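# Chain and residue survey
Chain residues, written in single-letter form:
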Amino acid sequence: MSEHVKYSDEWMMNDTVKTYRDFGPCILEASISDELYHILWSNALELRKQKRPETDHRKFLAGNIAEEYAYINQFSKEEDKRVETELTWFAREYSHRATEQYGLKKPHDIKTFEDITLVKPLWVNFQKKHEWNPPHTHTGALSCVIYLKAPYDINMENGVNENNKHSNTPSAGKIQLSYGQALPYSSNSVLHTPKEKKILMFPAWLEHQVFPFQSDVERVSVSCNFIGRNSIYWRDDLKYREGN
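Residues numbered from 1 in each chain as written. Predicted model: local features only at pLDDT ≥ 70, side-chain atom pairs only at ≥ 80, totals over all residues. Heavy atoms only, no water.

Here the focus is the sheet that holds strand 5 (residues 133-136). One open sheet accounts for 4 strands, arranged 5-10-7-8; its pairing is antiparallel. Strand pairing shows two members of the sheet lacking a second neighbour, strand 5 and strand 8 (189-192), which therefore form its edges. With strand direction ignored, the average angle separating the axes of adjacent strands in the sheet is 15°. In this structure, strand 7 (residues 175-178) lies alongside strand 8, joined through 4 bridges in antiparallel fashion. When the bridges of strand 8 are listed, Ser-178 appears paired with Ser-189. (Pairing = 2+ DSSP bridges. Helix = DSSP H or I, 4+ residues; strand = E, 2+ residues; numbered from the N terminus. Axes fitted to C-alpha atoms, helices over the stretch in contact; angles between N-to-C directions.)

It is worth spelling out the packing of helix 1 (residues 34-50) against helix 2 (residues 77-100) at this point. Between two packed helices, what matters for the description is the angle formed by their axes and the separation of those axes. Two elements in contact, helix 1 and helix 2, have axes whose closest approach is 10 Å; the angle formed by their N-to-C orientations is 125°. Judged by the angle between their axes, helix 1 and helix 2 are oblique. The two elements helix 1 and helix 2 cross, and the hand of that crossing is left-handed. Here Glu-35, Leu-36, Ile-39, Leu-40 and Asn-43 of helix 1 come into contact with helix 2, specifically with Glu-79, Arg-82, Val-83, Glu-86 and Leu-87. (Parallel < 35°, antiparallel > 145°, perpendicular 65-115°, else oblique. Left-handed = near helix turned anticlockwise from the far one by under 90°. Contact = heavy atoms within 4.5 Å.)

All right, on to the side chain of Glu-67 then. Looking at where Glu-67 falls in the secondary structure, it is placed in strand 3 (residues 67-70). The exposure class of Glu-67 is buried, given its relative accessible area of 11%. Looking at Glu-67, its side chain comes within polar contact range of the side chain of Arg-48, at 2.6 Å. (Buried < 20%, exposed > 50% of the residue type's maximum accessible area, 1.4 Å probe, protein only. Polar contact = N/O pair within 3.5 Å; in protein donor to acceptor, adjacent residues only side chain to side chain.)

Once that is clear, we can look at unusual backbone geometry. Each neighbour pair has its own omega, and for Lys-120 with Pro-121 the value is 10°, a cis peptide bond. Following the sequence through the fold, Pro-121 ends up in strand 4 (residues 116-127). The phi torsion at Asn-73 lies on the positive side, around 50°, for a residue other than glycine. Among the structural elements, Asn-73 can be located in the loop between strand 3 and helix 2. Notably, Lys-197 is not glycine yet its phi reads approximately 70°, a positive angle. Relative to the helices and strands, Lys-197 resides in the loop between strand 8 and strand 9 (198-203). Here Lys-197 falls in the partly exposed class, since its relative accessible area comes to 30%.

With that settled, consider the pairing of strand 2 (residues 27-31). Buried residues dominate strand 2, accounting for 5 of its 5 residues. Every second residue of strand 2 is oriented toward a common face, with Ile-27, Glu-29 and Ser-31 on one face and Leu-28 and Ala-30 on the other, all of them buried. Pairing geometry for strand 2 and strand 9, over 4 bridges, is antiparallel. Bridge pairing links Leu-28 to Met-201 in strand 9.

Moving on, we get to the packing of aromatic side chains. Considering all chains together, one arrives at 4 aromatic pairs under this definition. Each ring, one from Tyr-71 and one from Phe-75, has its centre 4.9 Å from the other, and the planes form 20°; the classification is stacked. A residue is classified by how much of its surface remains accessible, and Tyr-71, at 5% relative accessible area, is buried. Aromatic side chains Trp-89 and Phe-90 sit 5.1 Å apart centroid to centroid with 75° between the ring planes, which places their arrangement in the edge-to-face category. You can call Phe-90 buried: its relative accessible area is 0%. Directly above the ring of Tyr-37 sits Lys-197, whose terminal nitrogen or CZ lies 5.1 Å from the centroid. (Phe/Tyr/Trp six-rings, centres within 6.5 Å; stacked < 30°, edge-to-face > 60°. Lys NZ or Arg CZ within 6 Å of the ring centre and 35° of its normal.)

Looking now at the pattern of salt bridges. Evaluation of the coordinates by the stated rule reveals 14 salt bridges. One salt bridge in this structure joins Glu-67 and Lys-51, with 3.6 Å as the shortest N-O distance. Of the two residues, Glu-67 is situated in strand 3 and Lys-51 in the loop between helix 1 and strand 3; the sequence distance between them amounts to 16 residues. Because the salt bridges share partners, they merge into one network encompassing Arg-48, Lys-51, Glu-67, Lys-128 and Glu-218. (Salt bridge = Lys/Arg side-chain N within 4 Å of Asp/Glu carboxyl O.)

Of all hydrophobic cores here, the largest spans 38 residues; its most connected members are Leu-40, Tyr-71, Met-201 and Phe-226. Elements with a contribution of two residues or more to this core: strand 2, helix 1, helix 2, strand 4, strand 6 (142-149), strand 9 and strand 11 (219-228). Once you skip the residues sitting within four places of it in the chain, Tyr-71 turns out to touch Leu-40, Asn-43, Ala-44, Leu-47, Pro-121, Leu-122, Trp-123, Val-124, Leu-148 and Val-222. Grouped together as the second largest cluster of nonpolar side chains are 9 residues, Tyr-147, Ile-175, Leu-177 and Leu-206 included. (Core = buried A, V, L, I, M, F, W, Y, C linked by side-chain atoms within 4.5 Å.)

Worth remembering: the numbers are spatial, not functional.
Structure (structure tokens):
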């Protein structure tokens, strides 16, 4: 953990943010700052190295993954402030765009954008070959996944692997967001290909899953949730059964 580090605010001039609505819910995709990426990645490696019992987050998550760690007492004060500031900005930007651009309603526990609050701790998933996350949802108002490592080998599986290349839905290592029923002239899911330093944000109630892959590499992601200050889940010790 580093101390007395001053971070820039250039990430707020973020022209990579985009929202789209391929189906019911609004989805936000953007690039995180290099500074946030470094904080999350360096501390993820420390969590893995230390393997403190209290950071083992598997029993709170749906993932069939051997290594899932919570960022408990891991960040320095400066790092913690930076993580919370940038991620909360994305969550509030999501809510602003969803309501202003698409006219969607906010949850009842979010009266203003300032009510949107990051739930701690964040957690990191080190997904290896043959591991996966089954269909699940999260608790709270919003959820996000940040990709720290998305090896090219996994994407190559979808084009050259014998089990994938002939499929009409090659999905190795991808995250699938699902909503509603599969009906004629309607799509009820979206497959998203992870990219390093990208953040994906969506409603916490949205069902999603992560498919396994066969390459001998690691797919590393960080996840967290956001709630409103008026939420019944407004408790510092709240734990979840989820994953990304």
